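Geometric and topological summary
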Amino acid sequence: MNPIKERAKNLENCFLPLKKMYPRSYNKNKTSPYTKTRVILMNGTEFESQWFMHNFARHCDVPEILSALAIVRRQEQQQQKRISCLKPINESILETTIAYEQLAIDLTAVLARHDKDEANIKALNFALLEDFDHLYRFANLLKMDKKIDADKLVGKYTEIMPGRPTIAEHRYPSDDVSPHMNAEKADLYSKLVASTITAAEQQTMNYYMNIAQWYKNDLGRKLYAEIAMIEEAHVTQYESLKDPTLSWLEQWVMHEYCECWLYYSAMQDESDKYIKKIWNEHFKMEVSHLKAASRLLKKYENKSFEEVCGDGEFPQLLKLGGNKEYIRKVLADTITFTADNTKVIRDFKEIKKIPNNHRYFDYQKFMSGDPERNASHLVIKKAIEKLGNDYRYQDSEHPVKELRSRKSDNVKVARTK
């Protein structure tokens, strides 16, 4: 499939009437967990598109480009609103959060499994263990506050147990900055990986940043606020992988191509026939957007679509699913890693191999203070007190010995020497 070769409507014919912007919501009790995660992913993809095009417009003084941005941006807004309302009214903040974390885990894992770019893979695997831990923390809050077992929400496709403890994830901000790829040399799939994971993590960050104040108790509000800080760190990591030397128009073409790839992937993978039709409609809209951006790139920079996206043929499509064995291996191999950007090239090192005067420890002391009072720890402590054990769903014992206890929450793994 090559989207640039597909027939497309004129931009003026791609608007949605209001009646189509409010679709039938999915059934939270019957819908596949991966339909829910696709809804979140595509919602985040559209938000990223909005964010990018508004920033482009603020740095552009070409009337024709500004006009095209306004038209496409309005249509992307309509797509985003439509996708957002696929979530049902009766799905709680926490139930939606479980889907957010399942997406973060399984999307990250599947992208890492199929990428060839070592920098991408290392970054993905590093953040994977942190999102994995977030699912565990939120699942325990869900069990306490709603008496719901999160394994039912994730369809038992994703295990729920500790990852790299959230309390260990607070790092000095510049240690989260990665060296960027060279877009001219990078594989097309690797460029799509960086674009996709940036949009997905940004969506999670935005959700937690804006939902914290709406939670019903202090512990939940504090937990969302704490984990939102880690999601910001993940966005910092992932966005820095992208090549910033591309022009605004080149970046726009890449955004539209990525959206085409994601919608086409979602359409191929979707089990809900009603939602599948929406993915198909949006894919066709994105083809129009891609052609418009490509035409402007050619007119104003004399660069072709192929200079940004190669021959345009889609690489391997994105297929969401379980990644239990892969995640277990990453847990076993890299649980004690932290990020270090104090030298020329950012790397991931075992906590015991970084010097005692590393800024990680100073930042930890400042941010975390007494770890026993941090929300990410307290939620597990209170769950153990209330339930007798922490809440987990796992197929076999944890691959990391230090994280096997269900009677206590480890606040030292990956945090202290």
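Model, not experiment: these values are computed from the prediction. (Residues numbered from 1 in each chain as written. Predicted model: local features only at pLDDT ≥ 70, side-chain atom pairs only at ≥ 80, totals over all residues. Heavy atoms only, no water.)

On the surface, a cluster of negative charge is made up of Glu184, Glu306, Glu307, Asp311 and Glu313. As for its placement among the helices and strands, Glu313 is situated in the loop between α10 (305-309) and α11 (324-334). Given the relative accessible area of 34%, Glu313 is considered partly exposed. (Patch = residues over 30% accessible without salt bridge, like charges linked within 9 Å, V, L, I, M, F, W, Y side chains within 5 Å. Areas by Shrake-Rupley, 256 points an atom, 1.4 Å probe, with all protein chains shown as cover. Salt bridge = Lys/Arg side-chain N within 4 Å of Asp/Glu carboxyl O. Lys, Arg positive; Asp, Glu negative; His and termini not counted. Charge placed at Lys NZ, Arg CZ, Asp CG, Glu CD. Helix = DSSP H or I, 4+ residues; strand = E, 2+ residues; numbered from the N terminus. Buried < 20%, exposed > 50% of the residue type's maximum accessible area, 1.4 Å probe, protein only.)

Here we take up the layout of surface pockets. When its volume is computed, the largest pocket comes out at roughly 540 Å³. For the largest pocket, the lining is made up of 24 residues, of which Glu48, Glu239, Lys242, Gln251 and His255 are closest to its centre. The element best represented in the lining of the largest pocket is helix α6 (residues 188-211), accounting for 7 residues. In the lining of the largest pocket, the residues fall into 11 nonpolar, 8 polar and 5 charged. By volume, the second largest pocket is sized at about 360 Å³. Counting only elements with at least two residues in the lining of the second largest pocket, the list comes to α1 (33-57), α2 (63-84), α3 (93-114) and α6. The residue inventory of the lining of the second largest pocket, partitioned by class, reads 8 nonpolar, 7 polar and 3 charged. (1 Å grid on protein atoms, 1.4 Å probe; cavity = no way out; pocket = protein on both sides within 12 Å on 5 of 7 lines; lining within 4 Å. Points joined across faces, edges and corners; volume = space filled by probe spheres on them. Nonpolar A, V, L, I, M, F, W, Y, C, P; charged D, E, K, R; others polar.)

Moving on: the pattern of salt bridges. One pass over the structure, following the stated rule, counts 29 salt bridges. One salt bridge in this structure joins Arg38 and Asp269, with 3.0 Å as the shortest N-O distance. Taken together, the residues Arg38 in helix α1 and Asp269 in helix α8 (residues 248-269) connect sequence positions 231 residues apart. Measuring nitrogen to oxygen at the nearest pair gives 3.9 Å for the salt bridge that ties Asp347 to Lys122. In this pair, Asp347 sits in strand β2 (residues 347-350) while Lys122 sits in helix α4 (residues 118-146), placing the two residues 225 residues apart along the sequence. A relative accessible area of 29% places Asp347 in the partly exposed class. For Lys122, a relative accessible area of 42% corresponds to the partly exposed category.

Taken as a whole and assessed by the stated rule, the structure comprises 4 cavities of 30 Å³ or more. Empty space within the largest cavity amounts to approximately 80 Å³. Thr45, Glu48, Ser195, Thr196, Ala199, Lys242, His255, Cys258, Glu259 and Leu262 are the residues that line the largest cavity. Those elements giving two or more residues to the lining of the largest cavity turn out to be α1, α6 and α8. With 4 residues, α8 is the largest single contributor of residues to the lining of the largest cavity. The residue makeup of the lining of the largest cavity, split by class, is 3 nonpolar, 4 polar and 3 charged. Taken as a whole, the second largest cavity encloses approximately 60 Å³ of empty space. Lys28, Asn29, Lys36, Glu91, Glu95, Ile98, Ala99, Leu153 and Val154 together form the lining of the second largest cavity.

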